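Structural overview for review
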Amino acid sequence: MNICDMPALLCIGHRGACGHEPENTLSSFSLAITMGSPWIELDVFSVEGELLVIHDDSLERTTNGDGEVMTSSLEYLRSLDAGGHQQIPFLHEVTELVDQRCGINIELKGPDTALPVSRFLTTLCDEGWDSQAFLLSSFDHAELERADPRFRRGALFHRAVPDYFNSTSDLGAYSINLSSRLITQKLIDEAHHNNLKVYVYTVNDLDEIRQMEALGVDGIFTDFPDRVLSATGHS
Ligand code: G3P
Ligand code: MG
């Protein structure tokens, strides 16, 4: 499949296929691709000039280490087991694994990630990647605004705000990425009226997947890409 051909309901493997493999690891991304997920999502931090793929500010939940990502040395972070005897991956290891086989939503999780991620993706585009194979997103809209505008932007929201479309308009956002708790038909219709795709996180339950599809969302972040793909007839 051409990674820029969007099926009616996009399956986005959340932290890979983290219902099956340790989140944000190479095995998780590999499984999502093997399952046929057209997109994956991951979270990045920038440490000592390197982009690392990890979700939490602190290390305890997903690794055998402790402390904060941003106050740890790169050497220490790379010495840890992020699950299944795998290291916390570098972003470049993920893109090497993906090798243009799926789209990648890079969530800017750590501070000061917009510029290094933009620089890195620009080098990939120079090597032949399609810029539309990437979606940059963040809850930190100010950080997202610093990203190179050649890359599509997804404005993340985890709680209701009075006006979703002020900030998405300032960002020139491509999508609005919403917690499933926030989803209403009215909001979906308004987003579409504002020319925005609606991507919803994190939906794992089959009935909820079908409900989201019926409401007309454009994409689902899921820990179980196999479920979304089978519910939508893509497996
Ligand atoms: O980008 C969708 C989702 O990943 C946002 O929340 O906490 O899972 O990164 P979180
Ligand atoms: Mg995320």
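To be clear, the structure that these remarks concern was listed above.
Remember, predicted model here, so these are calculated numbers, not experimental data.

With that settled, the discussion passes to the site of ligand 1. All residues in the neighbourhood of ligand 1 are listed as His-14, Arg-15, Glu-41, Asp-43, His-55, Glu-107, Lys-109, Phe-139, Leu-156, Tyr-201 and Phe-221. Residue His-14 places a side-chain N or O atom 2.8 Å away from an oxygen atom belonging to ligand 1. At a separation of 2.8 Å, an oxygen atom of ligand 1 approaches a polar side-chain atom of Glu-107. Burial of ligand 1 by the protein chains amounts to 91% of its free accessible area of 290 Å². Class assignment of the residues belonging to the shell around ligand 1 gives a composition of four nonpolar, two polar and five charged.

Within the span of helix α3 (residues 91-98), buried status applies to Leu-91, Val-94, Thr-95 and Val-98. On an axial view of α3, the arc spanned by its buried residues comes to 95°, and they lie on one face. Buried residues belonging to α3 abut α1 (26-35), β2 (39-47), β3 (50-53), β4 (103-108) and α4 (114-126).

Protein-derived ligands of the magnesium ion (ligand 2) are Glu-41 (OE), Asp-43 (OD) and Glu-107 (OE), with the metal-ligand distances lying across 2.0 to 2.2 Å. Each donor residue of the magnesium ion (ligand 2) lies on one chain, and together they are spaced E-x1-D-x63-E. For Glu-41, a relative accessible area of 2% gives the class buried. On the basis of relative accessibility, which here comes to 0%, the residue Asp-43 falls in the buried class.

This next bit is on the packing of α1 against α3. Viewed as axis vectors pointing N to C, α1 and α3 meet at an angle of 25°, and their least axial separation amounts to 10 Å. With respect to each other, α1 and α3 are oriented roughly parallel. Crossing handedness for the pair α1 and α3: right-handed. Residues Leu-26, Phe-29, Ser-30 and Ile-33 of α1 lie in contact with α3, whose contacting residues are Glu-93, Val-94, Leu-97 and Val-98. Looking at the contact of α1 with α3 residue by residue, the classes come out as six nonpolar, one polar and one charged.

Topologically, Leu-229 is positioned in helix α9 (residues 225-231). Placed 112 residues apart in sequence, Leu-229 and Val-117 show a C-alpha to C-alpha distance of 29 Å.

Another aspect to go through is the pattern of salt bridges. Under the criterion given, the structure shown has nine salt bridges. Among the salt bridges present, the one from Lys-109 reaches Glu-107, with a minimum N-O distance of 2.6 Å. Owing to a relative accessible area of 5%, Glu-107 belongs among the buried residues under this scheme. Residues participating in the shared-partner salt-bridge network are Arg-15, Glu-23, Asp-56 and Arg-61.

In this section: the environment of Ser-137. Mapped onto the elements of the fold, Ser-137 is located in strand β5 (residues 134-138). Apart from the residues within four sequence positions on either side, Ser-137 is in contact with Asn-105, Ile-106, Glu-107, Leu-108, Leu-144, Gly-154, Leu-156 and Asn-177. Engagement of the side chain of Ser-137 in a polar contact is seen with the side chain of Asn-105, the distance being 3.0 Å.

Calculation notes
Residues numbered from 1 in each chain as written. Chains lettered and ligands numbered in written order. Predicted model: local features only at pLDDT ≥ 70, side-chain atom pairs only at ≥ 80, totals over all residues. Heavy atoms only, no water. Near = heavy atom within 4 Å. Polar contact = N/O pair within 3.5 Å; in protein donor to acceptor, adjacent residues only side chain to side chain. Areas by Shrake-Rupley, 256 points an atom, 1.4 Å probe, with all protein chains shown as cover. Nonpolar A, V, L, I, M, F, W, Y, C, P; charged D, E, K, R; others polar. Buried < 20%, exposed > 50% of the residue type's maximum accessible area, 1.4 Å probe, protein only. Helix = DSSP H or I, 4+ residues; strand = E, 2+ residues; numbered from the N terminus. Arc of directions from axis to C-beta. Contact = heavy atoms within 4.5 Å. Donors = N, O, S within 2.8 Å, 3.2 Å for Na, K, Ca; no water. Axes fitted to C-alpha atoms, helices over the stretch in contact; angles between N-to-C directions. Parallel < 35°, antiparallel > 145°, perpendicular 65-115°, else oblique. Left-handed = near helix turned anticlockwise from the far one by under 90°. Salt bridge = Lys/Arg side-chain N within 4 Å of Asp/Glu carboxyl O.

This is a description of form; function is not addressed.
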